Amino acid sequence: MTQDELKALVGRAALQQVVPGSVVGVGTGSTVNHFIDALAGMKGQIAGAVSSSEQSTRRLQALGIEVLDSNRVERIPVYVDGADEIDGRGFMIKGGGGALTREKIVADLAERFVCIVDASKQVAVLGAFGLPVEVIPMAAAQVSRRLAALGARVVPREGFVTDNGGHVLMAHGLAIDDPLALECRINQWPGVITVGLFAQHKATLCLLGTPQGVQTLHY
């Protein structure tokens, strides 16, 4: 199976995690796009969606799924999203598409985080992909220096602006053994909007696409 076929497989499988009659949290990215397309088939059975990006919002609305303002929603049963990396404990790196802050906001509303990925995203130690850090523009140089002091090679995403008006720095070369501690540390730096470590908001379960089918991993 191709990587895109594996993404489609887990996107469809995630429908089984959606609670009928509820609002569903919807993430961002190529794997989630398959979930959104599948979700259109049960749009009459859900109360709407909370979206983590303008891109996903447009796709949802084009399929006739109502997108709700997150401020109108106190809790959602399930948030479905992909990841750039996920380790054996359910800790993730997310934000390669630049939606990390809104993804973390929706994850915070959710009772369960369902991660949908193909097997290439499963790692022993986080960090090979690169760690996205969203910053306000005036803090970019200082945050870059702080990341470099941790041993990272920092590459700004040139010409890219997030839905929040932030800039994204990619920190490469970090082997992240303690995701919780590093997430807390970086989030305290002035000018950081959020870091793409999802440790406090880790996956509840992962639907892993493999050539043998979908594996369900619980954390």
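Further up the page is the structure itself.
Residues numbered from 1 in each chain as written. Predicted model: local features only at pLDDT ≥ 70, side-chain atom pairs only at ≥ 80, totals over all residues. Heavy atoms only, no water.

Caption draft 1: Expanded view of the overall build of the protein. Of regular secondary structure, the protein possesses 6 helices and 13 strands. For 219 residues, the compact-globule estimate of 2.2 N^0.38 gives 17 Å, and the C-alpha radius of gyration of the protein, at 17 Å, lies within 12% of that figure. Expressed along its principal axes, the backbone C-alpha trace of the protein runs to roughly 50 × 40 × 30 Å. Counting the 219 residues in the protein, one finds 53% classified as buried. A sequence separation of at least 24 residues applies to 72% of the contacts in the protein between residues at least 6 apart. In the protein, the 19 positive side-chain charges and the 21 negative ones have mean positions that sit 2 Å from each other. (Helix = DSSP H or I, 4+ residues; strand = E, 2+ residues; numbered from the N terminus. Rg over C-alpha atoms; globule rule 2.2 N^0.38 Å. Buried < 20%, exposed > 50% of the residue type's maximum accessible area, 1.4 Å probe, protein only. Contact = heavy atoms within 4.5 Å. Lys, Arg positive; Asp, Glu negative; His and termini not counted. Charge placed at Lys NZ, Arg CZ, Asp CG, Glu CD.)

Caption draft 2: Focus on the packing of helix α1 (residues 3-13) against helix α2 (residues 30-39). Relative to each other, α1 and α2 sit at 45 degrees, their axes nearing to 8 Å. One way to sum up the angle between α1 and α2 is to call them oblique. The crossing of α1 and α2 is right-handed. Contact residues: α1 offers D4, K7, A8, V10, G11 and R12, while α2 offers S30, T31, H34, F35 and A38. Of the residues that constitute the contact of α1 with α2, the class distribution is 4 nonpolar, 4 polar and 3 charged. (Axes fitted to C-alpha atoms, helices over the stretch in contact; angles between N-to-C directions. Parallel < 35°, antiparallel > 145°, perpendicular 65-115°, else oblique. Left-handed = near helix turned anticlockwise from the far one by under 90°. Nonpolar A, V, L, I, M, F, W, Y, C, P; charged D, E, K, R; others polar.)

Caption draft 3: Spotlight on the packing of aromatic side chains. One pass over the full model with this rule turns up 2 aromatic pairs. Between Y79 and F113 the ring centres are 5.0 Å apart and the planes differ by 75 degrees, which places this aromatic pair in the edge-to-face class. Placement of the pair is Y79 in strand β3 (residues 76-81) and F113 in strand β6 (residues 110-118), with a sequence separation of 34 residues. Each member of the pair, Y79 together with F113, is buried. Taken together, a centroid distance of 6.4 Å and an interplanar angle of 75 degrees make the contact between F113 and F198 edge-to-face. Placement of the pair is F113 in strand β6 and F198 in strand β11 (residues 197-198), with a sequence separation of 85 residues. (Phe/Tyr/Trp six-rings, centres within 6.5 Å; stacked < 30°, edge-to-face > 60°.)

Caption draft 4: Local environment of the side chain of D84. If you trace the backbone, D84 turns up in the loop between β3 and β4 (85-86). Among buried charged residues, D84 stands out as having no salt bridge; its nearest opposite-charge side chain is K121, 5.4 Å away. A polar contact is formed between the side chain of D84 and the backbone nitrogen of G96, at a distance of 2.8 Å. Those residues within four positions of D84 in sequence are excluded, and the remaining contacts are I93, K94, G95, G96, K121 and F129. (Salt bridge = Lys/Arg side-chain N within 4 Å of Asp/Glu carboxyl O. Polar contact = N/O pair within 3.5 Å; in protein donor to acceptor, adjacent residues only side chain to side chain.)

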